[in-house]
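One-letter residues, chain by chain:
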Amino acid sequence: MKFSNFFIPTLKESPSDVKMRSHDLMIRSGMIRQETSGIYSWLPLGFRVLKKIINKIELFHDIDNVNQILMPTIQSSEIWKTSERYDTYGKEMLRITDRNNKDLLYGPTNEEMITVIGKQYIKSYKSLPRKFYHIQSKFRDEIRPRFGVMRAREFIMKDAYSFDLDETNGEITYHDFFNLYLKIFNNLDIPVVPVRAPSGEIGGNLSHEFHLIVESGESEIFIKDDVFNKKYDDLSLKELINLESYTDDYFKKINEKSGFNSFKSIELGHIFLFGSKYSDSFNFVVDSHEGKFKPFMGSYGIGVSRIPAAVIEYSNDSNGIIWPKNISPFMVHLINLLHDDTECLEFCEKIYKDLIKKKIEVIYDDRSESPGKKFSDADLIGIPVQIICGKAFKKHNEVSLIHRANKKETYFKSENILNSLIDILGENV
RNA sequence: CGGGGAGUAGCGCAGCCUGGUAGCGCAUCUGUUUUGGGAACAGAGGGUCGCAGGUUCAAAUCCUGUCUCCCCGACCA
């Protein structure tokens, strides 16, 4: 992609009402635009990041035989009355009335709807287990939206739902999702820590959240030191249940509080095995050789649109964003400092085409801006590797490579740059 | 919802107290010169001062109402 063809409205100055680092950088790098309180448009650069994240999530869910579906954003009030959440969900639920005076709502979550879908088609124990997910906008009318997409009212969530024969099988599914989440966050270069969350309204249920520890986080979690030494994906179900890391709500309820440290964090995922709450209220009954039973259910969420902000929050410097390779909107930021020079231009065009041929995602700054502007835009946008073609190319036939993360600059003979680049990118991809 | 702040050009702000031609920086456009860290000079365009009402000869400025946004707390991915 050429910079001149890509809409990246970068800003030099911060908007006055922005307080969080990631929010500021997302606005200034032209990733997002606020429409109204807690509601955002994703501009091309931001949407590219979002799609990277979504692609990874889809990939790993599909591998795990979780079936992707797409449920509507608008739901009928009927099913929420059936589950008795229409009244209890409160003002967080955005309620809408259509022209026929029918009560609708913008879905804050989809347990009711997925239960209705399960009930209609799943009649036999032979059809279980069954796992579904979808990636869709949600609306929760937060009391106070803030920090950009970190706490938005409309946001994109990946929510998955499972139907199992009974609690034992439900726990196996839960354990699978636990490991699936670790795999996903690991692959997104996000070092999350799993923490135990309070069981819900029904006793004996299981719930974990996945947190990214950052100073500016809104959540607080409590963890014993040895938890950090564990390989979370090696844990048995019993071990993960006994993991000594807790959300603040959970921590309040435990007795032995010594040995824990508290951390500020951002919640990125939440898995929850809640049992037959919804199969009960919807009378979702399945036949088996041992008679009729209500499927055991779980739900599993990832705050998709929060992830870019969370990543920026822990990966930035005074110049801008530093994208991890797996989420970065591009891999290489090619900068032509001498756009009026024919040789330099031809060289950049050639490298640009070669990179595209090699399927290396490249943003090529071909604009007639000053060097300073190009450098600062590049640092702000935060692509992992910058290739600079300028004076050194004219003098010594050299171009330089700058690692965004540490700003180290290395010069290469221009004919070697492509192969060197492929080597360097190959290291961690 | 309680407490605090703010709405003036695309963005950041000054002007308001003490009413009298709507301003500055950045951005944009034109031209010339620049080109390894947000270039320089010269010129240009752009605002019914959030909205409604009131006071006044006269309102960005004073009064009343209203809408919106942000910040601090309790909810959440």
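In case you missed it, the structure is sitting above this.
It should be emphasised that the depicted structure is a prediction, and the values quoted were computed from it without experimental measurement.

Focus on the environment of lysine 238
Piece 1. In this fold, lysine 238 is placed in helix 7 (residues 237-241).
Piece 2. Exposure remark for lysine 238: the relative accessible area of 64% places this residue in the exposed category.
Piece 3. Remark: the alpha-carbon pair of lysine 238 and histidine 175, spanning 63 residues in sequence, is separated by 9.8 Å.

Considering the protein's contact with RNA strand B
Piece 1. Among the 51 residues in the neighbourhood of RNA strand B, the closest are listed as Thr36, Ala152, Ser370, Asp379 and Glu409.
Piece 2. The sugar-phosphate share of atoms of RNA strand B within 4 Å of the protein amounts to 47%.
Piece 3. At a separation of 2.7 Å, a sugar or linking oxygen of RNA strand B approaches a polar side-chain atom of arginine 306.
Piece 4. Between aspartate 340 and RNA strand B, the recorded distance is 3.1 Å, taken from a side-chain N or O atom to a base oxygen.
Piece 5. Elements that contribute at least two residues to the surface near RNA strand B include exactly strand 1 (32-36), strand 8 (154-164), strand 13 (260-275), helix 12 (371-381), helix 13 (391-396), strand 22 (398-403) and strand 23 (409-413).
Piece 6. Broken down by element, the surface near RNA strand B gets its largest block of residues, 7 residues, from helix 12.

Section: the sheet that holds strand 23
Piece 1. On the basis of which strands lie adjacent, the open sheet formed by 5 strands has the order 20-19-21-22-23 and mixed pairing. Unpaired on one side and paired on the other, strand 20 (362-365) and strand 23 mark the two borders of the sheet. Each neighbouring strand pair of the sheet contributes to a mean axis angle of 20°, computed without reference to strand direction.
Piece 2. In this fold helix 12 packs onto strand 19 (332-336), strand 20, strand 21 (385-389) and strand 22, with an angle of close to 175° to the strand it touches most, strand 19.

A word on the nonpolar core
Piece 1. Counting residues in each nonpolar core, the largest one holds 75 residues, and the members touching the most others are Met31, Tyr181, Phe185, Ile190, Leu268 and Ile307.
Piece 2. Sort the elements by how many residues they give to this core and helix 6 (residues 167-187) lands first, with 8 residues.
Piece 3. Here this core spans two domains, since at least three of its residues come from each of domain 1 (3-316) and domain 2 (330-428).
Piece 4. Excluding residues that lie within four positions of it along the chain, methionine 31 makes contacts with Met26, Ser41, Trp42, Leu43, Leu45, Gly46, Val49, Pro308, Ile312, Ile321 and Trp323.
Piece 5. Cys348, Ile351, Ile360 and Leu418 belong to the second largest nonpolar core, which has 24 residues in total.

What counts, and at which threshold
- Residues numbered from 1 in each chain as written.
- Chains lettered and ligands numbered in written order.
- Predicted model: local features only at pLDDT ≥ 70, side-chain atom pairs only at ≥ 80, totals over all residues.
- Heavy atoms only, no water.
- Helix = DSSP H or I, 4+ residues; strand = E, 2+ residues; numbered from the N terminus.
- Buried < 20%, exposed > 50% of the residue type's maximum accessible area, 1.4 Å probe, protein only.
- Near = heavy atom within 4 Å.
- Polar contact = N/O pair within 3.5 Å; in protein donor to acceptor, adjacent residues only side chain to side chain.
- Pairing = 2+ DSSP bridges.
- Axes fitted to C-alpha atoms, helices over the stretch in contact; angles between N-to-C directions.
- Contact = heavy atoms within 4.5 Å.
- Core = buried A, V, L, I, M, F, W, Y, C linked by side-chain atoms within 4.5 Å.
- Domains from an automatic or database assignment.

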